[in-house]
Amino acid sequence: MRVVPLADTMETSRPDASKLVSGDPVHRTWNLTEDRGLYCGIWESTPGAWRIKYDEWEYCRILSGTSRITDNSGHTWEVTAGDSFTLPAGFEGVWEVIETTRKDYVILLRD
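Because the structure is predicted, anything quoted here is derived from the model rather than measured.

**Some points on the nonpolar core**
Turning to step 1, where the next piece is worked out: F85 and W95 are the most contacted members of the largest nonpolar core, which has 15 residues in total.
Turning to step 2, where the next piece is worked out: Among the elements of the structure, β5 (48-53), β6 (57-71), β8 (84-87) and β9 (92-108) are those that each provide at least two residues to this core.
Turning to step 3, where the next piece is worked out: A per-element tally of this core places β9 first, with four residues.

Encoded structure:
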């Protein structure tokens, strides 16, 4: 087993400008596992909103902060520390970070 320290794996990014809805969110990601289509780690974002389109399946558990997720049909739900949920492949909508949000995640790419 290989243990990966979080500080050694952090990447910083921003949403693509074409997907940005509001704000200037900065994302920090600590990828712990990348193996044959399976990814897991910790992700954090500062406030802002951007359009999302999932080709993969993702499980999330919110560690801190508050975000609002809205699907393309207008259904909105708020997620906060302690909430766990999945976003299925094919999901489209908007992710809005209200208060800096940190989550752990597991992503499985579609075949």
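**Notes on the packing of aromatic side chains**
Turning to step 1, where the next piece is worked out: Tallying each qualifying case throughout the model produces five aromatic pairs.
Turning to step 2, where the next piece is worked out: Between the aromatic rings of W77 and F91, the centroid separation amounts to 6.1 Å while the plane-to-plane angle is 75 degrees, which identifies the pairing as edge-to-face. One end of the pair, W77, is in strand β7 (residues 76-80); the other, F91, is in the loop between β8 and β9, with 14 residues separating them in the sequence.
Turning to step 3, where the next piece is worked out: Judged by its relative accessible area of 25%, W77 falls in the partly exposed class.
Turning to step 4, where the next piece is worked out: Owing to a relative accessible area of 11%, F91 belongs among the buried residues under this scheme.
Turning to step 5, where the next piece is worked out: Positioned above the aromatic ring of W43 is the side chain of K103, whose terminal nitrogen or guanidinium carbon lies 4.7 Å from the ring centre.

**Section: a nonpolar patch on the surface**
Turning to step 1, where the next piece is worked out: A cluster of nonpolar side chains, namely L38, W57 and L108, defines an oily patch on the protein surface of about 260 Å² accessible area.
Turning to step 2, where the next piece is worked out: Its location among the elements puts W57 in strand β6.
Turning to step 3, where the next piece is worked out: According to the relative accessible area criterion, W57 is partly exposed, its value standing at 36%.

Rules behind the numbers
Residues numbered from 1 in each chain as written. Predicted model: local features only at pLDDT ≥ 70, side-chain atom pairs only at ≥ 80, totals over all residues. Heavy atoms only, no water. Core = buried A, V, L, I, M, F, W, Y, C linked by side-chain atoms within 4.5 Å. Buried < 20%, exposed > 50% of the residue type's maximum accessible area, 1.4 Å probe, protein only. Helix = DSSP H or I, 4+ residues; strand = E, 2+ residues; numbered from the N terminus. Phe/Tyr/Trp six-rings, centres within 6.5 Å; stacked < 30°, edge-to-face > 60°. Lys NZ or Arg CZ within 6 Å of the ring centre and 35° of its normal. Patch = residues over 30% accessible without salt bridge, like charges linked within 9 Å, V, L, I, M, F, W, Y side chains within 5 Å. Areas by Shrake-Rupley, 256 points an atom, 1.4 Å probe, with all protein chains shown as cover. Salt bridge = Lys/Arg side-chain N within 4 Å of Asp/Glu carboxyl O.

Don't take any of this as a statement about function, it's just geometry.
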